[in-house]
Amino acid sequence: MIQLRVQTGTSSYTISVGNRAWQEVGRFCRREKYSSVFIVTESRIWRAWGRKFLQATGLHSASVILVPPGERSKSLAGVKALAQKLVKRRADRESAVVVLGGGVVGDLAGFVASIYMRGIDTIQAPTTMVAQIDSAIGGKTGVNLPEAKNMLGTLTPPRLVAANPEVLGSLSPRAYRSGLYEAVKHGIIQDPRLFHFIRENLKPILAQDPKIMDRLIAWAAGVKVRVVNRDERESDLRRILNFGHTLGHALEAATHYRRFLHGEAVGWGMLLANRIAEEKKMLPPTEARKIEELICSLGPLPSLQGITSRQLVALLGRDKKTVRGVVHWILSERIGSVRIVTRVANTLIEKAFRDVARLPV
Ligand SMILES: NC(=O)c1ccc[n+]([C@@H]2O[C@H](COP(=O)([O-])OP(=O)(O)OC[C@H]3O[C@@H](n4cnc5c(N)ncnc54)[C@H](O)[C@@H]3O)[C@@H](O)[C@H]2O)c1
Ligand SMILES: [Zn+2]
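Residues numbered from 1 in each chain as written. Chains lettered and ligands numbered in written order. Predicted model: local features only at pLDDT ≥ 70, side-chain atom pairs only at ≥ 80, totals over all residues. Heavy atoms only, no water.

(A) Structural detail: empty space enclosed by the protein. Counting across every chain of the model gives three cavities of 30 Å³ or more. In this structure, the second largest cavity spans a volume of roughly 90 Å³. Surrounding the second largest cavity, 13 residues form its lining, Gln-124, Gly-139, Thr-141, Thr-156 and Pro-158 being those nearest its centre. Going through the elements one at a time, helix H4 (103-115), strand E6 (121-126) and strand E7 (140-143) are the ones with two or more residues in the lining of the second largest cavity. With three residues, the single largest contributor to the lining of the second largest cavity is H4. (1 Å grid on protein atoms, 1.4 Å probe; cavity = no way out; pocket = protein on both sides within 12 Å on 5 of 7 lines; lining within 4 Å. Points joined across faces, edges and corners; volume = space filled by probe spheres on them. Helix = DSSP H or I, 4+ residues; strand = E, 2+ residues; numbered from the N terminus.)

(B) Representation of the packing of helix H6 (residues 173-190) against helix H9 (residues 210-230) within the structure. Interaxial distance between H6 and H9 falls to 10 Å at its minimum, and their mutual angle equals 50°. In terms of orientation, H6 lies oblique with respect to H9. In this structure, H6 meets H9 at a crossing whose hand is left-handed. Residues Tyr-176, Leu-180, Ala-183, His-186, Ile-189 and Gln-190 of H6 lie in contact with H9, whose contacting residues are Met-213, Leu-216, Ala-220, Val-223, Lys-224, Arg-226, Val-227 and Arg-230. (Axes fitted to C-alpha atoms, helices over the stretch in contact; angles between N-to-C directions. Parallel < 35°, antiparallel > 145°, perpendicular 65-115°, else oblique. Left-handed = near helix turned anticlockwise from the far one by under 90°. Contact = heavy atoms within 4.5 Å.)

(C) Geometry of the pairing of strand E3 (residues 37-41). Counting buried positions along E3 yields five of five residues, so the element is predominantly enclosed. Every second residue of E3 is oriented toward a common face, with Val-37, Ile-39 and Thr-41 on one face and Phe-38 and Val-40 on the other, all of them buried. As paired strands, E3 and strand E5 (residues 96-101) are joined by five bridges and run parallel to one another. Of the residues in E5, the one forming a bridge with Thr-41 is Leu-100. As defined by bridge partners, E3 adjoins strand E4 (residues 63-66) across four bridges and the pair is classed as parallel. (Buried < 20%, exposed > 50% of the residue type's maximum accessible area, 1.4 Å probe, protein only. Pairing = 2+ DSSP bridges.)

(D) Quick peek at the site of ligand 1. Taken together, 23 residues sit near ligand 1, with Glu-42, Gly-103, Thr-127, Thr-128 and Ser-170 positioned nearest. Here an oxygen atom of ligand 1 sits 2.9 Å away from a polar atom, N or O, in the side chain of Glu-71. Burial of ligand 1 by the protein amounts to 90% of the accessible area it has alone, namely 860 Å². Where the shell around ligand 1 is concerned, the elements lending two or more residues are helix H2 (43-57), H4 and helix H5 (129-135). (Near = heavy atom within 4 Å. Polar contact = N/O pair within 3.5 Å; in protein donor to acceptor, adjacent residues only side chain to side chain. Areas by Shrake-Rupley, 256 points an atom, 1.4 Å probe, with all protein chains shown as cover.)

(E) Spotlight on the side chain of His-328. Along the chain, His-328 falls in the loop between strand E11 (326-327) and strand E12 (329-334). By relative accessible area, which is 13% here, His-328 ends up buried. One polar contact links the side chain of His-328 to the main-chain carbonyl oxygen of Val-326, over a distance of 3.2 Å.

(F) Structural detail: the packing of helix H7 (residues 192-200) against helix H13 (residues 285-297). Closest axis-to-axis distance for the H7/H13 pair is 11 Å, and the angle between their directions is 50°. Taken together, H7 and H13 sit at an angle that is classed as oblique. Crossing handedness for the pair H7 and H13: left-handed. Contacts between H7 and H13 pair Phe-195, His-196, Ile-198 and Arg-199 from the former with Lys-290, Ile-291 and Leu-294 from the latter.

(G) Structural detail: the environment of Pro-126. Among the secondary structure elements, Pro-126 is positioned in strand E6. Put simply, Pro-126 and Leu-100 are 26 residues apart on the chain and 5.8 Å apart in space, counted from C-alpha to C-alpha. Not counting residues within four places of it along the chain, the set of residues in contact with Pro-126 comprises Gly-101, Ala-131, Gln-132, Ala-136, Val-161, Ala-162, Ala-163 and Val-167.

(H) View of helix H15 (residues 346-357). Between its first and last C-alpha, H15 extends 17 Å over 12 residues, near the 16 Å set by a 1.5 Å rise per residue. Of all the residues in H15, the buried ones are Leu-348, Ile-349, Ala-352, Phe-353, Asp-355 and Val-356. Taken end-on, H15 shows its buried residues confined to a sector of 170°, consistent with a single buried face. (Expected span 1.5 Å × (residues − 1). Arc of directions from axis to C-beta.)

(I) Summary view of the pairing of strand E13 (residues 337-341). Strand direction decides the pairing type here: E12 and E13, joined by five bridges, are antiparallel. Residue pairing across strands places Ile-330 opposite Ile-340, the latter belonging to E13. Count of turn residues in the E12/E13 antiparallel hairpin: two residues, of which Gly-336 carries a positive phi of about 105°.

Take a look at the structure:
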């Protein structure tokens, strides 16, 4: 098992990665002596992993709450439904929420826990690649509004994160690949060695070879941990994690969260940001091609058909990274380094959109 530590001015917790990580959840809950524990998960995940999770954690007396799958659960209606279940089952101030799920359940249940009776503890046992390397770490919780993603939320760190890579085995190949775009993102923003590791080990990574999974997840999660440790509150450094997300979120909103999985939208968003950086002569073409090749080799991505660049530009104004009407773009200058740029002409976005739509993904 590999352990990482988040340590900021206001929080400190451990991230355990490995096929025995779930045991840490049980150990932690026993130590904290919670009045009751609520496992929030989805039926599909619970069917596949519930028994093993209970065996590993020993949380046999926990109450299990199932949330409907999909981004649409991350809504105010989802908050209300989950909070009402907690009330009905008598969760109190000393109860804890254990999330067994991907980023959707993690963000939703983390948010509800952070406001339930003004806040109860959350423990994250992430079940997707996105959640294991990104969303379960750092404490950002929240839900979407129909107008825009992640508009309501809190910054409430979990008490523990336990990532068991085995659990990724039941993801559909598409959902698994979707998470790999975020791992590639971590390489591009901060860690060229991670980028090349993924490039050189694509086959075993796509096959989820157990010999490589702990290392990949701990490595990619480690990038997030380093960023969070230096900047928990999202000033400039933490913003780099949003590489590919400005246009990625716009793509998700433009298709009503139905066409793309989150990571897939980020895949397109990175391809677009890559072209924009290249056009602005920030990023050398050789680096741009390497990025493009790796992203394309993780494909296929759902098509951009029917989406117009004008539509995307209109949606950018609603992005959380838009401050005083100015979009903050995260653009790469080489693999392993990105910069925040505020001036990107709409014509440039439109050109990038046309170019990228022709790529063989
Ligand atoms: N809080 C943050 O810092 C942060 C960071 C990145 C992303 N996010 C959010 O995370 C969400 C995306 O997360 P995600 O990609 O994990 O999506 P998700 O939670 O919707 O999971 C993807 C799909 O996989 C299924 N699933 C999950 N685990 C499974 C398993 N082990 N076996 C079989 N099926 C399984 C789910 O039912 C779902 O259909 C987005 O809403 C995004 O905004 C948040
Ligand atoms: Zn993301």
